[in-house]
Amino acid sequence: MVSAIKVAVLGGDGFVGWPTALHLSNAGHEVHILDNLSRRWIDTELGVQSLTPMDSIQERTRVWHAETGRRIHFHLIDLARDYELLKNWLRDERPDAVIHFAEQRAAPYSMKSDRHKNYTVNNNVNATHNLLNALVETGVDAHLVHLGTMGVYGYSTVGAAIPEGYLPVGIETMDGATASQEILYPANPGSIYHMTKCLDQLLFQFYAKNDGLRITDLHQGIVWGTHTRETRLHPQLVNRFDYDGDYGTVLNRFLIQAAIGYPLTVHGTGGQTRAFIHIQDSVRCIEIALENPPARGARVEIFNQMTETHRVRDLAKLISGLAGSEIAWLPNPRKEAAENDLVVRNEKFRELGLDPITLADGLLSEIVDVAKKFAYRVDRSRVPAVSAWTRDIAATINHDPEGRRLKSVS
Ligand code: USQ
């Protein structure tokens, strides 16, 4: 472990931010959460709530102090809109590291309407740029660790493993020779949300080159699970757990659906292959990244933060086998490849000591148990994913793996 540092967790009230804040506080670091609580407002907008009952951020930090004797400081700051507040906070507090989770993170939410597209772009791009700008302006030499996404690479099958951020290319020069370069892997976002993370990458590249900021970008897969060692310490430290069609992610959704006897909502043929990571590993990866900052003047450090890949229909079959659930093959509301292969390089975290938790480790049934415990809080009408990528539904995938036409379930 590195010696204790002062760390700002931007978006520290969210699904990965909260367990990260607890983990770093437990490791002895001085933790400050900066958050505008927008995720709670979006719950109100959508009329849904976390499966698990969450207390206010003030109550959560109070309970943490009562349980452990450690303090987590909370500051209500909107990164995207309160630039001066952010700058003054950085100038006064001069953190050693900043972890940036403070973005709208759901692809379906970002595609709901023109208003949601605008919100996601304005919020995410401004938050990232305000932060970079303020770090330069205040001269705070903090290591910036950003939660990016595997989705920046896209999901086309290329027959090669996805490298950790950079791709070596040969460019034919005017005299017929070949010049070698390493470029950012071509961005290929599948939603407005994923597109903002692609834009973030360019902002990072510029600020690392121009101002020498030390930046690590974590290309994270789909997180599953809910508890970490620290959130288990007290019922009021529980993490949030989303099940609705906008914020619930595929594996956690299937587990909740299994718990409440709802048919597993596979989009299309379920041939989509995605990268996954357990929430406990996600938190550990962030700690490892924090302990290994790039040098000043170095290019942006990029890690693929994922531990295994799975096809959606294989996950559905696995959980159906575990819990006896039915599978509903639904028209896909998204515009995405019906079938794709995915091979991802992730040696960097392994070499730095990550020992991954895999689906085979038996945690799936633990999550079904959590879901059963809070099943009374589920509003079944909010389970279907209704946010459509295109108004032309005929352009979406509309048949099951055997080619039968699909109908929606409610
Ligand atoms: N899917 C289903 N049924 C469902 C929900 C999803 O078949 O009920 C399918 C989707 O069509 C998609 C795949 O499962 O093909 C993954 O969807 P998801 O909602 O689990 O994940 P995604 O929208 O990609 O976004 C999530 C997080 C995001 C993070 C991303 C990592 O919300 O913040 O960046 O995972 S990644 O997918 O690797 O880009």
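Above: the structure in question.
So, here's what we can say about the structure. What you see is a predicted model; the values in this text were computed from it and never measured.

The local shell around the ligand holds 22 residues, among which Arg 105, Tyr 193, Val 250, Thr 265 and Glu 336 are the closest. Within the side chain of Arg 253, one N or O atom sits 2.8 Å away from an oxygen atom of the ligand. Here an oxygen atom of the ligand sits 3.4 Å away from a polar atom, N or O, in the side chain of Arg 274. Burial of the ligand by the protein amounts to 96% of the accessible area it has alone, namely 740 Å². Put simply, the parts of the chain that give the shell around the ligand at least two residues each are α7 (192-211), α8 (250-260) and β10 (264-267). Taken together, the residues of the shell around the ligand break down into eight nonpolar, nine polar and five charged.

A few words now on the packing of helix α1 (residues 17-26) against helix α3 (residues 57-68). Orientation of α1 relative to α3, taken along the N-to-C sense of each, is 25°, at an axis distance of 12 Å. Taken together, the axes of α1 and α3 are roughly parallel relative to one another. Like other packed secondary-structure pairs, α1 and α3 cross with a definite hand, here right-handed. Seen from α1, the contacting residues are Trp 18, Leu 22, Ser 25 and Asn 26; seen from α3, they are Ile 57, Arg 60, Thr 61 and Trp 64. Residue composition of the contact of α1 with α3, grouped by class: four nonpolar, three polar and one charged.

Bringing the environment of Gly 170 into the picture now. The residue Gly 170 is located in strand β6 (residues 166-172) in this model. By relative accessible area, which is 56% here, Gly 170 ends up exposed. For the pair Gly 170 and Leu 251, spaced 81 residues apart in sequence, the C-alpha to C-alpha distance is 39 Å. Gly 170 has contacts with Thr 178 and Ala 179, leaving out every residue within four places of it along the chain.

For the rest of this paragraph, the subject is the sheet that holds strand β9 (residues 222-224). Pairing is mixed across the open sheet formed by three strands, whose spatial order is β9-β11-β13. In the strand order of this sheet, the two ends are held by β9 and β13 (308-311), each with one partner. On average, each strand axis in the sheet is tilted by 45° relative to the strand beside it, whichever way the strands run. Pairing of strand β11 (residues 273-278) with β13 involves four bridges; the strand directions are antiparallel. Looking at the pairing, Arg 274 lines up with His 310 of β13. In this fold helix α9 (residues 279-291) packs onto β9 and β11, with an angle of close to 75° to the strand it touches most, β11. Contacts from helix α10 (residues 312-323) reach β11 and β13, with the element oriented near 85° to β13.

Once that is clear, we can look at the side chain of Thr 196. With respect to the secondary-structure elements, Thr 196 resides in helix α7. In this structure the side chain of Thr 196 is engaged in a polar contact, spanning 3.1 Å, whose partner is the side chain of Asn 124.

Attention now goes to the sheet that holds strand β8 (residues 215-220). Taken together, seven strands build an open sheet; the order of strands is β3-β2-β1-β4-β5-β8-β12 and the sheet is parallel. Looking at strand neighbours, the two that pair on one side only are β3 (72-76) and β12 (301-305), the edges of this open sheet. Direction aside, neighbouring strands of the sheet carry axes that sit 20° apart on average. Direction of pairing for strand β5 (residues 143-149) relative to β8: parallel, over a ladder of six bridges. When the sheet's bridge partners are listed, Gly 148 is paired in β8 with His 219.

With that out of the way, let us pick up the pairing of strand β2 (residues 30-35). Taken across its six residues, β2 has five buried, putting it largely inside the fold. Where strand β1 (residues 6-10) meets β2, five bridges bridge the pair, whose relative direction is parallel. Across the sheet, Leu 10 pairs through a bridge with Leu 34, a residue of β2. Chirality of the crossover, the property in question, places the unit of β1, α1 and β2 among those that are right-handed. By the bridge criterion, five bridges tie β2 to β3 in an arrangement that is parallel. Opposite Leu 34, over in β3, you have His 75 as the bridge partner.

About the thresholds
Residues numbered from 1 in each chain as written. Predicted model: local features only at pLDDT ≥ 70, side-chain atom pairs only at ≥ 80, totals over all residues. Heavy atoms only, no water. Near = heavy atom within 4 Å. Polar contact = N/O pair within 3.5 Å; in protein donor to acceptor, adjacent residues only side chain to side chain. Areas by Shrake-Rupley, 256 points an atom, 1.4 Å probe, with all protein chains shown as cover. Helix = DSSP H or I, 4+ residues; strand = E, 2+ residues; numbered from the N terminus. Nonpolar A, V, L, I, M, F, W, Y, C, P; charged D, E, K, R; others polar. Axes fitted to C-alpha atoms, helices over the stretch in contact; angles between N-to-C directions. Parallel < 35°, antiparallel > 145°, perpendicular 65-115°, else oblique. Left-handed = near helix turned anticlockwise from the far one by under 90°. Contact = heavy atoms within 4.5 Å. Buried < 20%, exposed > 50% of the residue type's maximum accessible area, 1.4 Å probe, protein only. Pairing = 2+ DSSP bridges. Right-handed = clockwise from strand over helix to strand, strands pointing away.

Geometry only, nothing functional implied.
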